[in-house]
Amino acid sequence: MIIARILGTVVSTQKDERLLGKKLLIVRPINVDGSDTTGYVVAVDTVGAGFHERVLVVAGSSARLAQGMKDVPVDAAIVGVIDTVDVQ
Amino acid sequence: MQLARVIGTVVATIKNDSLEGRKLLVVQTLDRNLESTGKPMVAVDAVGAGVGELVFWCRGKEASFPFKREDTPTDCTIIGIVDSEQHVTR
């Protein structure tokens, strides 16, 4: 899993019906010290995360294992809101 | 699978219900000379590893297999603790 920061939202009306009601967010992967990296990912939110929050993003087919994501066509899901990262 | 060093912990109170009770650790991948390579990742712990330990982890959907019968959304799981650095022969 990677740590990412929420940068924005995506609105899509015409989409696969299994994505109905799912919130799509734009996230940018960040380093463990909180500094930004480049690039972004569109991820489905499963926890109710908000703007600028640090979140855990799971990628690949494992994203479908999150509760509520069964058989949903996603390859990136936000599965946690990070409180602290403690690196020695 | 890759060798890695556990370098930290992650706390997330709000998380997907299927991650409830799982320990999250920060791992730094190592090369065959046990030097850091690549960026640290957040891994779910399946074996009871701790900070500072040498471990190996697996990526992809297989990472959820240690938690079989309960779907656990993880693409990076610690699946073994290396006994010691001396046990890594090069």
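This text goes with the structure placed above it.
The paragraphs below set out a description of the structure included in this document. Just so you know, the residues in each chain are numbered from 1, in the order the chain's sequence is written. Chains and ligands are labelled sequentially in the order written, the chains with letters from A and the ligands with numbers from 1. Only residues with pLDDT of 70 or above have their local features reported here, since the model is predicted, and side-chain atom pairs are shown and tallied only from 80 upward, although totals for entire chains, interfaces and linings are computed over all residues.

Here we come to the overall build of chain A. Helices and strands together make up the secondary structure of chain A, namely 0 helices and 6 strands. If you list the helices and strands of chain A from N to C, you get β-β-β-β-β-β. The C-alpha atoms of chain A give a radius of gyration of 13 Å, which matches the 12 Å a tight globule of 88 residues would have. Viewed in the frame of its principal axes, chain A has a C-alpha envelope of about 45 × 25 × 20 Å. Think of it this way: any DSSP run of H or I at least four residues long counts as a helix, any run of E at least two long counts as a strand, and we number them from the N terminus. Throughout, radius of gyration means the C-alpha value; the globule benchmark is 2.2 Å times the number of residues raised to the power 0.38.

Right, let's talk about the overall build of chain B for a bit. When helices and strands are counted, chain B shows 0 helices and 6 strands. Reading the secondary structure of chain B in the N-to-C direction produces β-β-β-β-β-β. Over its C-alpha atoms chain B spans a radius of gyration of 13 Å, differing by no more than 12% from the 12 Å that the globule rule assigns to 90 residues. Principal axes of the C-alpha set define a box for chain B whose edges measure 40 × 25 × 20 Å.

Looking now at the interface of chain B and chain A. On the chain A side, the residues contacting the 29 residues of chain B number 28 residues. Those elements that provide at least two residues to the side of chain B that touches chain A are β1 (2-11), β2 (14-15) and β4 (41-45) of chain B. When residues of the side of chain B that touches chain A are assigned to their parent elements, the largest contribution, 5 residues, is made by β1 of chain B. Classification convention: Asp, Glu, Lys, Arg as charged; Ala, Val, Leu, Ile, Met, Phe, Trp, Tyr, Cys, Pro as nonpolar; all other residues, Gly among them, as polar. Partitioned by chemical class, the residues of the side of chain B that touches chain A number 14 nonpolar, 9 polar and 6 charged. Sheet topology note: the strand β6 (residues 84-87) of chain A/β1 of chain B ladder contains 4 bridges and is antiparallel. Contact between two residues is assigned whenever their backbone-derived C-beta positions fall within 7 Å. Two strands make a pair as long as DSSP finds a minimum of two bridges between them.

Residues and elements named next belong to chain B. Relative to strand β6 (residues 76-81), β4 runs parallel, the two being bridged by 2 bridges. Within β6, the position partnered with Val44 by the bridge is Thr77. Alignment of strand β5 (residues 54-59) against β6, held across 5 bridges, turns out to be antiparallel. Its bridge partner being in β6, Trp57 is matched across the sheet by Ile78.

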